[in-house]
Amino acid sequence: MHAQRSGPLRPKVLITRKIFEESIAHLARHCDVDANQRDVPLTPHELIRKLQGKQGAITLLTDTISDAVLARCPDLKIVSNVAVGFNNLDVKAATERGVMMTNTPGVLDDTTADFTWCLILAASRGLVDADRYFRSGRWKGWGLMQFLGRDIHGKTLGICGLGRIGRRVAKRAKGFDMRVLYTGRTRAPEKLERELGAAFVDKRTLLKESDIVTLHVPLTPDTTHYISTAELTLMKPTAVLVNTSRGPVVDEKALVRALREGRIASAGLDVYEREPRPASGLTRLKNVVLAPHIGSASMETRLRMSNMAAENCVAGLTGRRPPNLLNPQVLKGKYKRFTKVTPEQK
Ligand code: DGY
C-alpha cells in the first residue's frame, strides 16, 4: 500500500498496470495514486472507467490510448507511457485535445542492443533447440554432426534502421569482425559511419547481401510489413532474421512460411504482430527462437523506464515541462488553450 495524502489540489493519477514501488512512491509524493498492481492489462472498459476523473495516467504498451479513450476522459492532462515505442498512443489526437504524451527514450538502448545479440547468437547457433534436446534426456554424448549452426564472426550484418538501438547493435558487431551494412530513411553522418564501420545501402542490397538481418525501425504505416514475402525471398537461404522492434514490422504469416520452407535459415523474435498470440504454426518451428517481448527487460533498465515515466507525469502535473514530451505543440500555439500552461513549461 502507498501512503496517500489527500487534498483538494493534488492531481489524481492512474497507473494502469504493475510498475516499480519506487516510481509509485515518487508519484504519491505529488499526486493521489490509483495503482493497478496486478500485472494484467485493464480491459478497454475498465481503462476508461478508471481514467475518468484522473489528470494523469502511467500507461504500458499494452494499453491503447486512442482518440475515443481521450474523448471519454476529459480531465486527462498527461499520458506517460513506460516505453520508448508509442504506437499504442494516438499522439495526434492527444495534441488536438491538449493532452501531453511522453515516452522513455534513451534508457533502454544498450539493453535492447544486448538482447538483440542474444537473439542473433541463439538463432544462429540453435541454442534453444539444443537446450531442449539436452533437457529431454535424448543426448547420448558428443557427435561431430550435432546441432550445426552458422558462424557469426566474419559475416555480414544488415541493420534496418540505424537509430539509437541500431547504432548500439552495430557497435557490438565490431567484436565479431563483421561487415556491417545499414539501410533506412536517411543516411547517417559520415563520421558515425566511420566510427561504426557501417556502410549505407538500399534495402534490397542489404537483404540480398546480409547473413543476419536485424530490424530497428519504429512502427509506422510505412514500416508495417517492412519484411514480407518479397523481402524474405531476397534474403539468403542461410540468413537469420531478428526482430526486436515491433511485431507488425514483419508479416508473421509470411515469415512462418519462409521458415517452414527453408527460404531463410532461422529467426529470433522478441515481438509479434498480435501480442500475445503468435501466428499459426510459429511455435511449432524449430528454427526460430521466441522471446516474450523482453528486449529491455533488465532490472536496471526497467526500473529506469518506470522512474522516468513517473518523473514525466509528475513534471506535467506540477507545472514543469515533462522531460520527454512527445507533443510539445500542446504547450504553445492553438493547442495551448486546452492545456493549462505554466511559465516553466513554455
Ligand atoms: C519499448 O520501450 O518500446 C519496448 O518495446 C518495451 O520495452
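Above: the structure in question.
The model shown is predicted, which means the values in this text are computed figures rather than measured ones.

### Digging into a positive patch on the surface
- A cluster of basic residues, K253, R257, R260, R274, R277 and R284, forms a positive patch on the protein surface.
- Inspection of the secondary structure puts R260 in helix α11 (residues 252–260).

### What about the state of the cysteines?
- Enumeration over the complete set of coordinates arrives at zero disulfides.
- Left without a disulfide partner, C118 is nearest to the cysteine sulfur of C160, which lies 20 Å away.
- Between C313, a cysteine without a disulfide, and C31, which holds the nearest cysteine sulfur, the sulfur-to-sulfur distance is 5.7 Å.

### Some words on the environment of P328
- Its location among the elements puts P328 in the segment after α12 (299–317).
- Classification of P328 as partly exposed rests on a relative accessible area of 25%.
- Separated by 228 residues in the primary sequence, P328 and M100 have C-alpha atoms spaced 7.6 Å apart.

### Description of the site of the ligand
- Neighbouring the ligand are L61, A83, V84, G85, L108, R246, H293, S296, R302 and M305.
- One of the side-chain nitrogen or oxygen atoms of H293 is found 2.8 Å away from an oxygen atom of the ligand.
- A total of 230 Å² of accessible area belongs to the ligand in isolation, and the protein chains cover 91% of it.
- By residue class, the composition of the shell around the ligand is five nonpolar, three polar and two charged.

### Quick word on the sheet that holds strand β1 (residues 12–15)
- The sheet built from five strands is open, its strands ordered β2-β1-β3-β4-β5 with parallel pairing. This sheet does not close on itself; its edge strands, each paired only once, are β2 (32–35) and β5 (100–102). Each strand axis lies, on average, 15 degrees off the axis of its neighbour in the sheet, ignoring direction.
- Sheet strands in contact with helix α1 (residues 21–30) are β1, β2 and β3 (56–59), and its direction is about 145 degrees off that of β2.

### Some points on the sheet that holds strand β9 (residues 212–215)
- Reading across the sheet, the seven strands line up as β8-β7-β6-β9-β10-β11-β12 and stay open at both edges, with parallel pairing between neighbours. Strand pairing shows two members of the sheet lacking a second neighbour, β8 (198–200) and β12 (288–290), which therefore form its edges. Across the sheet, the axes of successive neighbouring strands diverge by a mean angle of 20 degrees, strand direction being ignored.
- As judged from the three bridges shared by strand β7 (residues 179–183) and β8, these two strands associate in the parallel manner. The residue of β8 that forms the bridge with Y182 is F200.

### Considerations on the packing of aromatic side chains
- In the structure shown here, the tally under the stated rule is four aromatic pairs.
- With a centroid separation of 4.7 Å and 5 degrees between ring planes, the pair formed by W117 and F176 is classed as stacked. In this pair, W117 sits in helix α5 (residues 109–125) while F176 sits in the loop between α7 (164–173) and β7, placing the two residues 59 residues apart along the sequence.
- The class for F176 is partly exposed, based on a relative accessible area of 26%.
- Taken together, a centroid distance of 5.2 Å and an interplanar angle of 65 degrees make the contact between Y133 and F147 edge-to-face. Taken as a pair, Y133 in helix α6 (residues 127–135) and F147 in the loop between α6 and β6 (156–160) lie far apart in primary sequence, 14 residues in all.
- By relative accessible area, Y133 is classed as partly exposed at 23%.
- Residue F147 is classed as partly exposed on the basis of its relative accessible area, which comes to 36%.
- The cationic tip of K203 hangs over the ring face of Y226; the distance from NZ or CZ to the ring centre is 3.8 Å.

### A word on a nonpolar patch on the surface
- Together, F134, W139, W142, L144, M145 and L148 line one region of the surface with nonpolar side chains, adding up to about 820 Å² of accessible area.
- With respect to the helices, strands and loops of the structure, M145 is situated in the loop between α6 and β6.
- The class of M145 is exposed, set by a relative accessible area of 62%.

### Things to note about the environment of E209
- Secondary-structure assignment places E209 in helix α9 (residues 203–209).
- Along the sequence, E209 and M235 sit 26 residues apart, while their C-alpha atoms lie 7.5 Å from each other.
- When near neighbours in sequence (up to four residues on either side) are disregarded, E209 contacts T156, R179, L181 and K236.
- At 2.7 Å, the side chain of E209 and the side chain of R179 are in polar contact.

### Comments concerning α5
- For α5, which comprises 17 residues, the first-to-last C-alpha distance of 24 Å matches the rise-based estimate of 24 Å (1.5 Å per residue) to within 8%.
- Counting buried residues along α5, twelve of its 17 residues qualify, which places the element largely inside the surrounding structure.
- Within α5, burial applies to D109, T111, T112, A113, F115, T116, W117, L119, I120, A122, A123 and S124.
- Remark: G126 follows α5 within two positions and exhibits a positive phi of approximately 65 degrees.

Conventions we followed
Residues numbered from 1 in each chain as written. Predicted model: local features only at pLDDT ≥ 70, side-chain atom pairs only at ≥ 80, totals over all residues. Heavy atoms only, no water. Patch = residues over 30% accessible without salt bridge, like charges linked within 9 Å, V, L, I, M, F, W, Y side chains within 5 Å. Areas by Shrake-Rupley, 256 points an atom, 1.4 Å probe, with all protein chains shown as cover. Salt bridge = Lys/Arg side-chain N within 4 Å of Asp/Glu carboxyl O. Lys, Arg positive; Asp, Glu negative; His and termini not counted. Charge placed at Lys NZ, Arg CZ, Asp CG, Glu CD. Helix = DSSP H or I, 4+ residues; strand = E, 2+ residues; numbered from the N terminus. Disulfide = S-S within 2.5 Å. Buried < 20%, exposed > 50% of the residue type's maximum accessible area, 1.4 Å probe, protein only. Near = heavy atom within 4 Å. Polar contact = N/O pair within 3.5 Å; in protein donor to acceptor, adjacent residues only side chain to side chain. Nonpolar A, V, L, I, M, F, W, Y, C, P; charged D, E, K, R; others polar. Pairing = 2+ DSSP bridges. Axes fitted to C-alpha atoms, helices over the stretch in contact; angles between N-to-C directions. Contact = heavy atoms within 4.5 Å. Phe/Tyr/Trp six-rings, centres within 6.5 Å; stacked < 30°, edge-to-face > 60°. Lys NZ or Arg CZ within 6 Å of the ring centre and 35° of its normal. Expected span 1.5 Å × (residues − 1).

Note that all results are geometric; they support no functional claim without further evidence.
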